[in-house]
Amino acid sequence: MGIAPYIIVSSILFVCGIVVMIARKNIIGILLGIELILNAAALNFVSFTKFSNSNLDGQVFALFIILVAAAEAAVGLAIVIRFFQIRESIHIDSATQLQS
Amino acid sequence: MELGSNYLYSITYYVPECIAIIAMAGILFLEIAYKKDESKRILLKIFTVLGFIFTLAALFCLVDLPTKKIFYNAIVIDRFSTLVKIVAVIATLICYYFGLLSRDIYTYLKSEFGILIMGVLVGTMLLASANNMLTLYLGIEMLSILCYPLAALKRSDEKSAEAGLKYALYGGLSAGVMLFGISFIFGILGTIQFDEIAVRIASLDVTQKMILLPSFLFFFVGLGYKISCVPFHMWAPDVYEGSPIPVTAFFSIVPKIGGMAAIVRVTAIFFTTENLLQYTWVGALSIIAALTMTVGNVSALGQRSVKRMLAYSSIAQIGNILLGALVLETVGYQAIIFYFFGYMVMTLLAFGITAVLSDQYGNDYFDRFNGLVYRNPLMAIALIVTMLSLAGMPPFIGFIAKFNIIAAIIQKGFYVLAVIAVLNSVVSLYYYMRLVRLVVFKMPDSTEKLFNLGIGRQVLFAIMGLLILITGIFWEELYTFAHITNQIKLAH
């Protein structure tokens, strides 16, 4: 089995992430979409390292992605909680205060 | 053994960042352990300011050193990155001072504001000297993740929470897309080091370059989002309007110059040899720069809130700076550094004055500036100077900065872009002068007195106003100081 299936899976993950971010109205859902995109990139890194070159850069990169994704989710969820406490809704359409 | 000594050796070049990180951790510990009452925490403030000053001093020690690659080529310390860092530290220090005085940031959050902006500063420094994809990504994420809570710092305010939310969602998406692009660049070229990427790009054939092209466009999304250039600028006005004013001032300078420095470095290292990739990248950058200037200026025309107007104006200014990255020669980087300095002083002064009026009235609509010259002449004159300078009128620093950039791109033959830049400058004159007209010719709505500025802010506004004038007239010294002695590009 070559590298192609890995690339296909990661591309599907990426497209799913983008679609989720566009289509979902729930903010938690949108944050999940971001996680999907990040994981697609991480999968790409490890599969490229496995198949096409010998150094460990890609795997180190994937570890960092996992770490940063966790930090980003923590901060994102904290802000969502704050938003929920103020607006009592986690629907993205209720974020309408800032429009010109 | 060799590993250990390499790291120890590298750290001697990394002292400014280490000081900033230690200061950040120190504030974090002091914040927990020190007195609960924020107004009594004088020592904490002194500690924060000292952290900034020592970082600045350490950076000045590094200015004249030759280019140095440390941590196994992960970080590069050269004159360009050091000068960018110096501008960033000065901007952060002044924003911290604004933050201490502003009512927009709750009293019990002042020290947290210090922690967060110190963290963003560290991210900017990392981004400015990034020399591989990993450090670039970590720099961008350190910048972004700490910016989200900064935007939402005014906790019980609906707008501020929404600004933080929008920033987090846009930021997460663009970082993800950038990462996906980086993963394909890594897959095709097999390395994340900038130097090796530059070498391997040159040896690719046309088909491989065609595959690499979309990856680089994905890669640009993340950087473009950080500097809020046009297709990715939608978040900027909303986030700027919702955040507290000192945070807005901070956002419009420090993360932007970090991202700009990264774009300049990437362009300088990857795209100096003439090939398909270079044409595409430079073409895309020039279209984006022209669009950024135009959209920023045109959208700024009809705004009601000064903060929002300044947000669009900062988008337009970034378009100007982006032109400098197209030059691909030392003179362009020199012009960019000079522009950074001028942009920092002008933007900080404009936001500082807006912050005073916003504290007084609770909002920052244009009519709050009516007749400012009769109520507080110092602030009014400083505001007029900075507005003229932002519009690019001589003899102020804004004119010299724009002149340098436009002269550099004309040398390279981008005549159309130069014409667009000058026309945009004319458009921008309209909305800057609108504010000046209100300040000078309208009578004040009420006789209500402005509250006392305090000696510190008066001196700061006076110094910054004078700096805009003096560096506008005697600009050679500063311009020579901004000279990048060593090419960013690598000598193979």
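Not measured: the values here are computed from a predicted model.

Peer 1: Please set out the overall build of chain A residue by residue, giving values where relevant.
Peer 2: Summing up its helical and strand segments, chain A has 3 helices and 0 strands in all. Overall, chain A shows an N-to-C arrangement of helices and strands of α-α-α. For chain A, whose C-alpha radius of gyration is 17 Å, the value lies well above the compact-globule estimate of 13 Å for 100 residues. Summarising its shape, the C-alpha atoms of chain A cover approximately 50 × 25 × 25 Å along the three principal directions. Expressed as a percentage of its 100 residues, the buried residues of chain A come to 38%. Taking contacts inside chain A between residues at least 6 apart in sequence as the whole, the part at least 24 apart equals 55%. When the accessible area of chain A is evaluated, it comes to approximately 5200 Å², of which 69% is carbon and sulfur surface. Distance between charge centres in chain A, computed from 5 positive and 5 negative side chains, equals 6 Å.

Peer 1: Talk me through the overall build of chain B; I want residue IDs and the actual numbers.
Peer 2: If you tally the helices and strands in chain B, you get 21 helices and 2 strands. Expressed as lengths along the three principal axes of its C-alpha atoms, the size of chain B is roughly 70 × 55 × 45 Å. Looking at chain B as a whole, 64% of its 492 residues qualify as buried. Counting only contacts in chain B whose residues sit at least 6 apart along the sequence, the fraction spanning at least 24 positions is 79%. Carbon and sulfur atoms form 69% of the exposed surface of chain B, whose accessible area is close to 17200 Å².

Peer 1: Summarise the environment of T280(B); cite the residues concerned and give the values.
Peer 2: All names here are of chain B. Within the secondary structure layout, T280 lies in helix α13 (residues 276-300). When its relative accessible area of 25% is taken as the criterion, T280 is described as partly exposed. Counting along the chain gives 203 residues from T280 to H483, while the straight-line C-alpha distance between them is 28 Å.

Peer 1: Give me the interface of chain A and chain B: which residues, what numbers.
Peer 2: Counting residues at the interface gives 44 residues for chain A, matched by 42 residues for chain B. Carbon and sulfur atoms supply 78% of the area buried between chain A and chain B, which totals about 3600 Å² over both sides. Taken as a group, F61(A), I79(A) and L98(A) account for 20% of the area that chain A buries against chain B, more than any other trio of residues on that side. For E158(B), the salt bridge identified is with R87(A), shortest N-O distance 2.7 Å. On inspection of chain A and its partner chain B, the count reaches 6 residue pairs in polar contact (both at pLDDT 80 or more). For the side of chain A that touches chain B, the elements supplying multiple residues, two or more each, are α1 (4-23), α2 (27-52) and α3 (57-87) of chain A. Per element, the largest residue contribution to the side of chain A that touches chain B is 16 residues, and it comes from α3(A).

Peer 1: Residue-level account of the pattern of salt bridges, with values.
Peer 2: Residues and elements named next belong to chain B. In the structure shown here, the tally under the stated rule is 15 salt bridges over all chains. One salt bridge connects D238 with K166, and the closest N-O pair in it is separated by 3.1 Å. With D238 in helix α10 (residues 235-242) and K166 in helix α7 (residues 158-189), the pair connects residues that are 72 residues apart, well separated along the chain. Taken as a pair, D238 and K166 share a single burial class, namely buried.

Peer 1: Can you break down unusual backbone geometry residue by residue, with the values?
Peer 2: Residue and element names in this part refer to chain B. With omega at 5°, the peptide bond leading from P394 into P395 counts as cis. With respect to the element layout, P395 can be found in the loop between α17 (377-391) and α18 (397-411). In this model, N73 sits at a positive phi of 65°, which is unusual for a non-glycine residue. With respect to the helices, strands and loops of the structure, N73 is situated in the loop between β1 (68-70) and β2 (75-77). The class for N73 is partly exposed, based on a relative accessible area of 32%. Of note in the backbone geometry, L328 takes a positive phi value of approximately 60° without being a glycine. Looking at where L328 falls in the secondary structure, it is placed in the loop between α14 (306-325) and α15 (330-361).

Peer 1: I'd love a proper account of α18(B), names of residues and values included.
Peer 2: Residues and elements named next belong to chain B. Relative to the 21 Å expected for 15 residues at 1.5 Å per residue, α18 spans 21 Å between its end C-alpha atoms, a close match to the ideal helical length. Along α18, the residues classified as buried are I397, G398, I400, A401, K402, N404, I405, I406, A408 and I409. Structurally, α18 contributes buried residues whose contacts are with α14, α15, α17, α19 (415-441), α20 (455-473) and α21 (476-481). Where α18 ends, the next residue or the one after it, G413, has phi of about 90°, a positive value.

Peer 1: Explain the environment of G465(B) to me, and be specific about the residues and the numbers.
Peer 2: Residue and element names in this part refer to chain B. Residue placement: G465 occurs in helix α20. For G465, a relative accessible area of 12% gives the class buried. In this structure, the C-alpha to C-alpha distance between G465 and Q193, residues 272 residues apart in sequence, is 43 Å. Ignoring anything within four residues of it in the chain, the contact list for G465 reads L349 and V385.

Peer 1: Give a detailed account of the packing of aromatic side chains, specifying residues and quantitative values.
Peer 2: All names here are of chain B. Taken as a whole and assessed by the stated rule, the structure comprises 36 aromatic pairs over all chains. Their ring planes at 85° and their centres at 5.1 Å tell us that F180 and F184 sit as a pair that is edge-to-face. A residue pair is termed a helical-turn pair when its members lie 3 or 4 positions apart in one helix, as F180 and F184 do in helix α7 at 4 residues. Per residue, the accessibility class of F180 equals that of F184, and both read buried. Arranged with centres 5.7 Å apart and planes meeting at 80°, the rings of F338 and Y479 form a pair that is edge-to-face. Of this pair, F338 sits in helix α15 while Y479 sits in helix α21, and the two are 141 residues apart along the sequence. This pair shows no difference in class: F338 is buried, exactly as Y479 is. Chaining the aromatic ring pairs together yields one cluster made of F194, F216, F219, F220, F232, F270, F271 and W281. One Lys or Arg, R304, reaches over the ring of Y365 and ends 4.0 Å from the middle of that ring.

Peer 1: Could you give an account of the packing of α17(B) against α20(B), naming the residues involved and the relevant values?
Peer 2: All names here are of chain B. Remark: α17 packs on α20, axes separated minimally by 9 Å, with the N-to-C direction vectors making an angle of 35°. In the packing of α17 onto α20, the handedness of the crossing is left-handed. Only Q458, F461, A462, G465 and I468 of α20 make contact with α17, whose side of the interface consists of L378, M379, A382, V385, T386 and S389. For the contact of α17 with α20, the residue count by class is 7 nonpolar, 4 polar and no charged.

Peer 1: Got a sec to walk through the packing of α7(B) against helix α9 (residues 206-227) of chain B? Specific residues and values, please.
Peer 2: All names here are of chain B. Running from N to C, α7 and α9 point in directions that differ by 150°, and their axes come no closer than 7 Å. Taken together, the axes of α7 and α9 are roughly antiparallel relative to one another. Crossing angle aside, the handedness with which α7 passes α9 is left-handed.

About the cut-offs
All residue numbers refer to position in the chain's written sequence, counted from 1. The naming scheme follows written order: chains are lettered A onward, ligands numbered 1 onward. Only residues with pLDDT of 70 or above have their local features reported here, since the model is predicted, and side-chain atom pairs are shown and tallied only from 80 upward, although totals for entire chains, interfaces and linings are computed over all residues. The basis for every side-chain value is the complete set of non-hydrogen atoms in the structure, without hydrogens or water. Under the DSSP-based scheme used, a helix requires at least four consecutive residues in state H or I and a strand at least two consecutive residues in state E, with every element numbered from the N terminus. Computation of the radius of gyration draws on C-alpha atoms alone. For the globule rule, the value is 2.2 Å times the number of residues to the power 0.38. For every residue, the accessible area obtained with a 1.4 Å probe (protein chains only) is divided by the maximum for its type, and the residue is called buried under 20%, exposed over 50%, and partly exposed between those limits. We call two residues in contact whenever any of their non-hydrogen atoms come within 4.5 Å of each other. The Shrake-Rupley method, run with a 1.4 Å probe sphere, supplies the accessible areas, and residue values consider only the shown protein chains as cover. Only four residue types enter the tally: Lys and Arg on the positive side, Asp and Glu on the negative side, with His and both chain ends excluded. Each charge is placed at NZ for Lys, CZ for Arg, CG for Asp and CD for Glu. Accessible area that two parts lose when put together, with a 1.4 Å probe and added across both, is what the buried area reports. Whenever a carboxyl oxygen of Asp or Glu lies within 4 Å of a side-chain nitrogen of Lys or Arg, that contact is scored as a salt bridge. Nitrogen and oxygen atoms within 3.5 Å of one another constitute a polar contact, given that in protein one can donate a hydrogen and the other can accept it, and given that sequence-neighbouring residues count only through two side-chain atoms. Expected span of a helix: the number of residues minus one, times 1.5 Å. Note on aromatic pairs: the rings of Phe, Tyr and Trp (six-membered ring only in Trp) are paired at centre separations within 6.5 Å, and the planes decide the class, stacked below 30 degrees, edge-to-face beyond 60, tilted for the rest. Note on criteria: charge over ring means Lys NZ or Arg CZ within 6 Å of the ring centre, with the direction from the centre no more than 35 degrees off the ring normal. Geometry is summarised by axes, namely lines fitted to C-alpha atoms with helices restricted to the contacting stretch, and by angles between N-to-C directions that run from 0 to 180 degrees. The crossing is said to be left-handed when, going from far helix to near helix, the turn is anticlockwise and less than a right angle, and right-handed when the turn is clockwise. The residue classification treats Ala, Val, Leu, Ile, Met, Phe, Trp, Tyr, Cys and Pro as nonpolar and Asp, Glu, Lys and Arg as charged. All others, Gly included, are polar. Orientation is classified from the angle alone, with under 35 degrees giving roughly parallel, over 145 giving roughly antiparallel, 65 to 115 giving roughly perpendicular, and any other angle giving oblique.

Purely geometric numbers; function is a separate question.
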